[in-house]
Amino acid sequence: NFLNPKREVQCASCMNDFLQSLGLTEVGVNHVAIGYVLDMLSIPLANSVGVDTYIEAWCPDGLATCTVKRNFPGPLTDSFMDWETVWNMGKQYPAKQWSGEWWRGPELGIY
């Protein structure tokens, strides 16, 4: 309603809901969320050069305070940067992959 004084808030809320649902839309044979695809495509399109491109994508405030980045790359995906967390998760990988709890695809070029 054009005369509703809360129209801007309602419109922004509606747009936010739409964009979040769009990010969860699955594409490709492995049903990867389009938000993941868009986030990964944003890396080579950044204005950075070399390793700084990845640092800025995952840790825009610098490496010193960077431990986890929520919803990157893609919705419902958390990236952990500290060694101990990654090591502990890595130890679980074979059992969880074999049980089907975790799935590993070729998105990063690792087969």
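Here the residue index of a chain counts from 1 through its sequence in written order. For this predicted model, a pLDDT threshold of at least 70 governs which residues receive local features, and a threshold of 80 or more governs which side-chain atom pairs are given and counted, while totals over whole chains, interfaces and linings are taken from all residues. By convention in this description, side-chain values take in all heavy atoms of the structure and omit both hydrogens and water.

J.: Could you give an account of the state of the cysteines, naming the residues involved and the relevant values?
T.: A pair of sulfur atoms, both from cysteines and within 2.5 Å, is called a disulfide here. Enumeration over the complete set of coordinates arrives at one disulfide. There is a disulfide in this structure between Cys59 and Cys66, and the S-S distance comes to 2.0 Å. Measuring handedness by torsion sign, the sulfur bridge of Cys59 and Cys66 sits at about -65° and is left-handed. Residue burial is assigned from relative accessible area. The probe radius is 1.4 Å, only protein chains are included, and a residue is buried under 20% of its type maximum, exposed over 50%, and partly exposed in between. On the basis of relative accessibility, which here comes to 5%, the residue Cys59 falls in the buried class.

J.: Residues and numbers for the packing of aromatic side chains, please.
T.: Within 6.5 Å between ring centres, the rings of Phe, Tyr and Trp (the latter by its six-membered ring) count as paired, and their orientation is classed by plane angle as stacked under 30 degrees, edge-to-face over 60, tilted in between. Here the structure, examined in full by the defined rule, presents four aromatic pairs. When the ring of Tyr54 is compared with that of Trp58, the centres are 6.2 Å apart and the planes differ by 20°; the resulting orientation is stacked. Of this pair, Tyr54 and Trp58 both sit in helix 3 (residues 51-58), four residues apart, which is roughly one turn of the helix. Accessibility expressed as a relative area gives 49% for Tyr54, which makes it partly exposed. Among the residues examined, Trp58 registers a relative accessible area of 18% and is labelled buried. A network of ring pairs unites the aromatic residues Tyr54, Trp58 and Phe72 as a single cluster. Each helix is a run of H or I in the DSSP string that is no shorter than four residues. Each strand is a run of E no shorter than two, and both are numbered from the N terminus.

J.: Go over the nonpolar core with me, naming the residues and quoting the values.
T.: General note: in soluble globular proteins, nonpolar side chains tend to be found buried as a group. Definition used in this section: a nonpolar core is a set of buried Ala, Val, Leu, Ile, Met, Phe, Trp, Tyr and Cys residues joined via side-chain atoms within 4.5 Å. Core analysis: the biggest nonpolar cluster contains six residues, these being Ile43, Ala57, Trp58, Cys59, Cys66 and Phe72. Here, residues are in contact when the closest pair of their heavy atoms is within 4.5 Å. What Phe72 contacts, discounting residues up to four positions off in sequence, is Asp39, Ser42, Ile43, Ala57, Trp58, Thr77, Asp78 and Ser79.

J.: Give a description of the pattern of salt bridges that names residues and reports values.
T.: Between side chains of opposite charge, a pair can form as their charged atoms come close. In what follows, salt bridge is the name for a side-chain nitrogen of Lys or Arg lying within 4 Å of a carboxyl oxygen of Asp or Glu. Across all of its chains, the model carries two salt bridges by this definition. One salt bridge connects Asp78 with Arg70, and the closest N-O pair in it is separated by 2.8 Å. Its relative accessible area of 51% is what places Arg70 among the exposed residues. Put simply, Lys96 and Glu101 hold a salt bridge, and the shortest N to O gap is 3.3 Å. In this structure Glu101 comes out as exposed when scored by relative accessible area, which is 54%.

Any link to function would need more than the numbers given here.
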